[in-house]
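# Structure at a glance
Take a look at the letters that make up each chain.
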Amino acid sequence: MIAYIVRRLAAVVLILLGVSAITYCLLFLLPADPVDLLAGRNATPEMREALRQELGLDQPLPVQYAVYLGKLVQGDMGRSLAQKVDVSLLIAARLPATLQLMAAAIVASLLLGLPAGMYAAMRRGTLPDKAAMIASFAGVSAPQFVVGLLLLYLFAYKLGWLPMGGYGLANIILPALTVAVANGGWYSRMMRSSMIEVLSQDYMRTARAKGLPRWRAVLNHGFRNAMLPIIAMVGIDMGYLITNIVIVESVFGWPGIGQLLWQGIQRLDYTIIIGVTITAAVVITLANLLADLLTPLIDPRIELR
Amino acid sequence: MKRILLSAAAAIALIAATPALAQAPKQGGEAIITFNNDLTTLDPQVGYDWQNWSVIKSIFDGLMDYEPGSTELRPDLAESYTISDDGQTYTFKLRDGLKFHNGRAVTADDVKYSIERAVNPATQSPGGGYFSVIKGYDEMVGGAPGLSGITAADDKTVVIQLNRPDATFLHVIALNFAFVVPKEEVEKAGGNFGIAPVGTGAFKFVEWVPGQRLVLERFADYHEAGVPYLDKLTFEFGQDPTVAVLRLQKGEIDIAGDGIPPAQFNEIMSDSANKDLIAVGDQLHTGYVTLNAKMPPLDNVKVRQAINMAINKDRIVKLINNRGVPATQPLPPAMPGYDKDQKGYAFDPNKAKALLTEAGFPNGFATEIYAMNVDPNPRIAQAIQQDLAAVGITAEVKSLGQGEVIDAGGQTKAPMIWSGGMAWIADFPDPANFYYGILGCSSVGNGGWNWAGYCNEALDQRANQADSMVAAEQAAARTDAWKGIYNDLMKDAPWVPIFNEKRFTYHSARLGGDASLFTDPIHIPVNYDFIYNKDAQ
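Residues numbered from 1 in each chain as written. Chains lettered and ligands numbered in written order. Predicted model: local features only at pLDDT ≥ 70, side-chain atom pairs only at ≥ 80, totals over all residues.

As a further point, take the environment of Tyr486 of chain B. Residue and element names in this part refer to chain B. With respect to the helices and strands, Tyr486 occurs in helix 16 (residues 475–492). Judged by C-beta crowding, with 21 C-beta atoms within 10 Å, Tyr486 ranks as buried. C-alpha separation for the pair Tyr486 and Ser80, spaced 406 residues apart in sequence, amounts to 33 Å. Among all residues touching Tyr486, those that are not within four sequence positions of it are Gln329, Pro330, Leu331, Gly337 and Asp339. (Helix = DSSP H or I, 4+ residues; strand = E, 2+ residues; numbered from the N terminus. Buried ≥ 20, exposed ≤ 12 C-beta atoms within 10 Å, placed from the backbone. Contact = placed C-beta atoms within 7 Å.)

Below is the structure:
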């Protein structure tokens, strides 16, 4: 078990190297120069050149990347080009909010997706099944910013039940629900097919044969088995989840790293973009690991090697 | 004499009879302002976008400022100033009893330190270049520890020596980049002063939770007695402009900082309930299309004039819901030097076609127009495209990110650029600020902002002459000189001036203050120091 975790953590380091290298190269392929934006409109060519040197942007790309990596190892993510503040400070201030929203979004997605999928599987081919699957299809397909704005308009503006944007306990419900509409829709479809397969298993027939009512058989034996692929999926979907969260944070003004990234992109703030990307990669890989560690708790037959 | 006395007596009687009018608003209450984006920084030597500009002005002060809601200079931290006869030495006397938010007294050394901080390359200030007129600038950029041109004669006297007379210098000294910061706090913050600002301004910093909110409270020792009127300012971030307007209507917030979104504009403006809640004011802004004077066939002045005549500005103004007025010249109407008699090129497609034929392009030509890819800019570029098509010019719209358009302009490799979303709002209310950086020879290419690549050395010379007229009695002559420069520039047609934007600020009923304070051309968009809360009255 410990050897497994160590091995996985070593893989995380490799992944981060790859992510940072790719992000770094992509940024420098952009046909735009951050110095143009930063130097101000009255800067002379000499001032722009001086600023380029000050920022180290005059160095060849591999040198810049090596310098960046060297600092990163020491926990220094550099300084924001536009804000002139330590990047690690900005990310640390915002990461908790993103983690909270991720957790809330996962719980909401499962609460929405699993029962819906289970219900559809048990009523397979009937009208409720078709309705649930059409709804999930719509949820998966609808753009997140549209869903977010619609929910906001209905629940916050028209009905006034929930606050409009901002940070807090009541404020997390709508953004989490917005993510759950997409991810939950996806999980409900997976849960449905997984459950249908489980329902046809011998042990389910055995459970019924020994006299268990249908709902108990489904809950005790079916649900736990059908859920396994979805738990694995939650881990695998982390990247997709973070992508949605970037959008949702911007719609609801949730003060997480997604919002920071979005603003960094608008300002060509390279160090912010790279810093947030690396942080997100760390979160994704660690969440994957966590999901893998959780599976044996649900299904003791699975062993981590 | 008698008449003067009488009117004076009448005035006194009037003031006595209406005490409420003569009295300043009572202090108290708060205001909540929302923005979509978090602020970048509150460091006055670093901040350079429309959003942090006015917040910084409320936390910090400079030697000079402007009358609230206007473009008229007045001393601020300085009590008075004198200018030497040759126009190269400025002597500022500081007010008595000036204090930083940390309680320490402000001295002349702080002024010197702050301007040097803007020039110091390590600060990476986007505004350092503004101080290039001060003696010792080149040396300091080259590594010298300070500016030899600034000396503190005593605790209260700052003497600044210039390389040449510069009529805009008082404006430069009023820029945020020259605002006074306490050295010990800058050093204590260890490079993160931008998120822990300490100044002398009307409001002092309380907290900034990134992405959530910034809280400022009234500075009790502020040098202007009775100001500011509000006790507390809260800026909430991450609020979509659409959401902000909905919250304003529910009474949850006071000012929608990002303005009214285009989709809701007509509905909100036509609602009579909002009549007193929307302040409308001029900005120092011109939206224009640059015509690349270095690139055939736009290097032909007739072609540039024809394009000026081909574009229907009224239609574009309608496209932006009449949030501006058609522009006739580079300078906006609120700017000194604006010429009311200059009518610009009238919309006349037939004359445009005739001019094109004269220039040798009877069947037009193909070209490109760059625009930033954020609404409404692509729509405006398309309107221009249609107008040009009507006179035979085929223009391909290149809708790109801000950085890419600025880059193309900086290398003068774009035939035409629509400036929307990028340029040009003046940094200070002086005609010179619309010239050197965007129309002068020195800003062509190499990342400069003269995207038209227009260089007229005779005009450059006249500009320098105008700016050497420093004495107060020369001010009118100087303004006239600038009028002449822009009128002659219009003949060369390096730009198509399209419109001058107006600002519309939507605020709650509980906030009071003149409309000009909510659309302040200097404290963009709102002068927080002088607005007040009606609940406190």
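Let us now look at the confidence of the model for chain A. The predicted model of chain A averages 85 in pLDDT, with 99% of residues at 70 or higher. Element-level pLDDT for chain A is lowest in helix 2 (residues 34–38) of chain A, with a mean of 76, against a maximum mean of 91 in helix 5 (residues 87–122) of chain A. (pLDDT = per-residue confidence, 0-100.)

The biggest cluster of nonpolar side chains holds 225 residues, and the ones touching the most others in it are Ala105 of chain A together with Val289, Leu291 and Ile531 of chain B. With 16 residues, helix 5 of chain A is the single largest residue contributor to this core. Non-local contacts of Val289 of chain B, meaning those with residues more than four positions away in its chain, are made with Ile384, Met416, Ile417, Trp418, Trp495, Val496 and Ile498 of chain B. (Core = buried A, V, L, I, M, F, W, Y, C linked by C-beta atoms within 7 Å.)

In space, the 5 strands of this open sheet follow the order 8-9-10-1-11 (chain B), with mixed pairing throughout. In the strand order of this sheet, the two ends are held by strand 8 (203–209) and strand 11 (255–256) of chain B, each with one partner. (Pairing = 2+ DSSP bridges.)

Attention now goes to helix 10 (residues 301–310) of chain B. All names here are of chain B. For helix 10, the tally of buried residues reaches 8 of 10 residues, placing the bulk of the element in the interior. Those residues of helix 10 lying buried are Val303, Arg304, Gln305, Ala306, Ile307, Asn308, Met309 and Ala310. Check the buried side of helix 10 and you find it contacts strand 13 (287–291), helix 12 (349–358), helix 13 (377–390) and strand 18 (495–506).

Before going further, it helps to spend a moment on helix 3 (residues 50–59) of chain B. In terms of burial, helix 3 of chain B is largely enclosed, as 7 of its 10 residues are buried. Those residues of helix 3 of chain B not exposed but buried are Asn52, Ser54, Val55, Ile56, Lys57, Ser58 and Ile59 of chain B.

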